[in-house]
Each structure stands twice: as C-alpha cells, then as structure tokens.
Amino acid sequence: MTASPALVQTPDNPLPAPPMLWDIFCRVIDNFGDVGVCWRLAADLAARGHTVRLWLDDAQALAWMAPGALESRWPGVTVRPWNAASDPGVLSTLKPAGVWIEGFGCELPEAFVAWRASVQAAPPVWINLEYLSAESFVERCHGLPSPLMSGPAKGWIKHFFYPGFTPHTGGLLREPGLLAQRNTFGSDGRQAFLRGLGIADHGEALVTLFCYAHAPVAELLAHLQGARQGVHLLVTHGQAASAVKTALERAPKAAEGLRITHLPLLSQTLFDQLLWVSDLNFVRGEDSLVRALWAGRPFVWQIYPQQDAAHLTKLEAFLSETNAPGPTRDWHLQWNSVGAVRANAPLPLGNSTQDSAVWQAWAAALAPRLAQQADLVTQLCAFVQGVASEGQAPKTR
Ligand code: TRH
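Predicted model only: the values in this text are computed from it and were never measured.

Caption draft 1: The overall build of the protein, seen in detail. Within the protein, the secondary structure is distributed over 14 helices and 12 strands. For the protein, the C-alpha radius of gyration of 22 Å lies close to 21 Å, the compact-globule estimate for 397 residues. Referenced to the eigenvectors of the C-alpha coordinate spread, the extents of the protein come out at roughly 70 × 45 × 45 Å. Across the 397 residues in the protein, those meeting the buried criterion constitute 52%.

Caption draft 2: How the structure looks around the nonpolar core. If you look at the biggest cluster of nonpolar residues, it comprises 69 residues, and the most contacted ones within it are L209, V217, F282, F299 and W335. Each of domain 1 (21–173 + 374–390) and domain 2 (179–370) accounts for three or more of the residues forming this core. Not counting residues within four places of it along the chain, the set of residues in contact with V217 comprises L209, C211, A243, V244, A247 and W335. Counting 38 residues, the second largest nonpolar core, distinct from the first, contains L62, A66, A69 and L129.

Caption draft 3: Fine view of the site of the ligand. Taken together, 23 residues form the shell around the ligand, and within it Y212, L266, R284, D287 and S288 come nearest. Taking Y212, its side chain carries an N or O atom lying 2.5 Å from an oxygen atom of the ligand. With respect to the ligand, the side chain of S288 contributes an N or O atom lying 2.6 Å from an oxygen atom. When isolated, the ligand has an accessible area of 700 Å², and the protein chains bury 98% of it. For the shell around the ligand, the secondary structure elements donating two or more residues are α1 (33–47), α2 (62–65), α9 (268–277) and α10 (287–295). Here the shell around the ligand takes three residues from α1, the largest share from any one element.

Caption draft 4: Inspection of the sheet that holds strand β11 (residues 280–284) at higher detail. The five strands are arranged β10-β9-β8-β11-β12 in an open sheet whose pairing can be described as parallel. Both outer strands of the open sheet, β10 (258–262) and β12 (299–302), are each paired with one neighbouring strand and no more. On average, adjacent strands in this sheet sit at an angle of 15° to one another, irrespective of strand direction. Judged from the five bridges that link them, strand β8 (residues 205–209) and strand β9 (residues 231–235) form a sheet pairing that is parallel. Counterpart to A205 in the pairing with β9 is V231. Against the sheet, helix α7 (residues 217–225) makes contact with β8, β9, β10 and β11, and its axis sits at roughly 135° relative to β10, the strand it touches most.

Caption draft 5: Looking closely at the pattern of salt bridges. Under the criterion given, the structure shown has 17 salt bridges. The shortest N-O distance in the salt bridge between D375 and R48 comes to 2.8 Å. With D375 in the loop between α13 (354–370) and α14 (376–390) and R48 in the loop between α1 and β2 (51–56), the pair connects residues that are 327 residues apart, well separated along the chain. Relative accessible area serves as the criterion here: at 9%, D375 is assigned to the buried category.

Caption draft 6: Representation of a nonpolar patch on the surface. A cluster of nonpolar residues, I29, Y131 and Y304, forms a patch on the protein surface that exposes about 300 Å² of accessible area. Its place among the elements puts I29 in the loop between β1 (21–26) and α1.

Caption draft 7: Inspection of unusual backbone geometry at higher detail. Phi angles above zero are rare outside glycine, and A309 is one such case at about 55°. Tracing the backbone shows A309 in the loop between β12 and α11 (310–321). A309 gets classed as partly exposed once you look at its relative accessible area, which sits at 37%. In the Ramachandran plot, S337 falls in the positive-phi region, its phi being about 60° despite a non-glycine side chain. In this structure, S337 sits in the loop between α12 (326–335) and α13.

So, how was this worked out
Residues numbered from 1 in each chain as written. Predicted model: local features only at pLDDT ≥ 70, side-chain atom pairs only at ≥ 80, totals over all residues. Heavy atoms only, no water. Helix = DSSP H or I, 4+ residues; strand = E, 2+ residues; numbered from the N terminus. Rg over C-alpha atoms; globule rule 2.2 N^0.38 Å. Buried < 20%, exposed > 50% of the residue type's maximum accessible area, 1.4 Å probe, protein only. Core = buried A, V, L, I, M, F, W, Y, C linked by side-chain atoms within 4.5 Å. Domains from an automatic or database assignment. Contact = heavy atoms within 4.5 Å. Near = heavy atom within 4 Å. Polar contact = N/O pair within 3.5 Å; in protein donor to acceptor, adjacent residues only side chain to side chain. Areas by Shrake-Rupley, 256 points an atom, 1.4 Å probe, with all protein chains shown as cover. Pairing = 2+ DSSP bridges. Axes fitted to C-alpha atoms, helices over the stretch in contact; angles between N-to-C directions. Salt bridge = Lys/Arg side-chain N within 4 Å of Asp/Glu carboxyl O. Patch = residues over 30% accessible without salt bridge, like charges linked within 9 Å, V, L, I, M, F, W, Y side chains within 5 Å.

In structure tokens form, the structure reads like this:
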C-alpha cells in the first residue's frame, strides 16, 4: 500500500488541522493512566486550537494531575461527568462534535449515541484510541475501520487508532516543543525543581520510584545501598510509597546509607520535570513510560500486569523494538518478576562502568529517534481529516 496524501507529513512540517470540536470519553479502570493519557490528549488538542469535551466517570485525579482542569481554567477543555452524557437536558444543549474518541475501548453511553443519531448532523469521525504496545499486530490494526452492525448508529464506522513506536503506527503523545523545553531545563532546573518541593539537594544520584505495590522494592533498596555514589530515592505517592514502607518494615536496615524522600502527588507538568532531573527513573503503566522516553534518562519500566502473562509478550516487544542493551534488558525482566533480581545486576548510577554508559547512551538516543515520527496528536488530526474528507479510512501505509 502507498501512503495516503493525507498522512504524508514530517514532525517539522505537520499539516495544519482546522480546529474541530472533540468529545473524548474515558472510563477509569484503575490507577492513573487512563485519565492521564486522555487528559494529555485533550490538553494537547486544545493547545493546538481545538475544543474538547472530556467525559470522565471519575475525574478526581485531575485535581492534582492538572490543577484548574475541573474548574474549566484550561482554555479549550471542559471536563464533564460521564453520566451527563445520558442526560436529555444536557444533550438538548450540546453542539454535535466532529470527532468522538473512545478511550481504550470504553463503550460510549447508549443515550449519547442515540441522541447524535437523532439530530440532523453528519456522523462524527469515531475513533477507538487503543493502548500503547510495540507488538507487531499494532501496525496491522492501526487505522482499521469497524462498521457498526446494530443500534442507533448502525452503518457508521469506528476506526482503530493505535499509538506506537514505528512509522506505521499512530505515534506517541509529544506536545510541540516538549524536547526543547526539556533541554533548556538543565542543571539549574534540578536545583529549582527540588527547591520548589522544599527538598534540599546534596548532589546525590537522584532515583525516582513510580511502581506497583508488587515490585521487588526490597531488592532495589539493597542495590541502591551498594551503589558507588550516594543515592537520593524520590518515592512517588501511592503504591510506590506503600511498597517502600512494607520493605522497610520487614528490613529496617534496608534504608541505611540511603536518603529517601516521599513526594506528594505532583501535577503532570511537575511529574515530567521529576523525570527530567532524575538520574534513573522507575516508571510503570503507559503514560509514565512515554514520559520517561522523552526524559532521555535511563529508566526501568514496570508493565501493567495482565491475565495469562500477556504483559510479558508486550514487555519483550518493547525491549526488542528499542534494542535494549543487556543490563537494561536484565533489569526489566527482573523488575517485572521474570527472574530474581541478581545481587550483581548493575544499575546505571554514575557513568563509571561500561554498562552504565551503554544504558545511558541507549536512553539518550531513544528520544531523538522516536521524535522523528510525527507525534500522536499530529497524526490523529491528519487521520481525522482524512476520514472526514474522504468518508473512509485513509490508508496508513
Ligand atoms: O497509573 P498507571 O499504572 O496507569 C495504568 C496504565 O495506563 C495501564 O496501561 C492501564 O491499563 C492501567 O493504568 C489501568 O501508570 P501510567 O500510565 O504511567 O499513568 C500514571 C499517570 O499519573 C501519568 O499521567 C503521570 C501521572 N502522575 C502525575 O501526574 N503525578 C504524580 O505524582 C504521579 C505519581 C503520576
């Protein structure tokens, strides 16, 4: 297949997308990733001139993740309760949107779909935004249409949109200018960032911990104790903090020689900066992995566990796609409980060893490499334009 003209673009020369009205729907399964991704998408679209209604069944996390979002202080985005999308009084006042985004296969409220089918408006461009994966099925399935066979929207077409790491996928969320912002943050940024949180900087290696409760944190603490350089562990609020607490209750001496600081819940902006200033990032799920990639610092990813260990295939696909070097790969397998955390497995703290240098170089090279593909919002806008103008899915390769 050849590329559709609608999709020929480069990151430096994106096609301008006419501003549209978007409805983004998101159900929070658990954790922060569903709302985290949908919020970043909404905010990025709004910053590019679009108008977004973000319908959430649980918006609580936005209070700290995006201060002001719930009070409509972000121009272009309004956050709406999920149930309001089934309220006839609300529906009667709504302007029909040009695009619907169904976050991670959440089913749209039936009444909302029925309302839209009843008004005199062309069907929206209806996108099912999928989870991120480096598995090969993503390239095959990205952009595929799925006609609706029943219900009030019978005959309408949904399209699958897959984020991903290769040119034949929908790319990764990356706001315009993000890497330039990161680059200008610099070493002054580290000082200012820590000072802003009331944390003194004694020049130790900074390690951020954002993980699930089942991560082998006791083993990590033992590794950090053995590091050549002093370590300051910045523990994110929630499951990571609980995991550290449990590990220290079992072995109080595990904290000796380490400086451990517990962080409050940070806004996404501050969370990104945390990853920029750290020497090593432990991240999890989906969105923080992408942010760790853009940070360009060495990281270890804890994948969200799935039934039948399906997540391990996903982990392997990521490590292969990014050509993770040996020690990086080992740590990922160990951190995800595919093997025991070996006492001698090196972590990239200080660049005194060759392994550290290789790991650091790998992480530093990933951001510019991945930034060569157009970011997700640029691609999504082009895709939507293609569907809207052709009345069908533009070819994705
Ligand atoms: O919270 P997560 O584990 O979310 C997961 C994944 O998205 C997974 O794919 C999904 O299926 C599952 O939830 C239901 O990890 P993730 O994706 O990294 O999301 C965390 C979000 O929280 C991210 O947007 C960053 C944000 N965050 C902050 O903004 N400030 C903070 O202080 C912290 C700790 C997180």
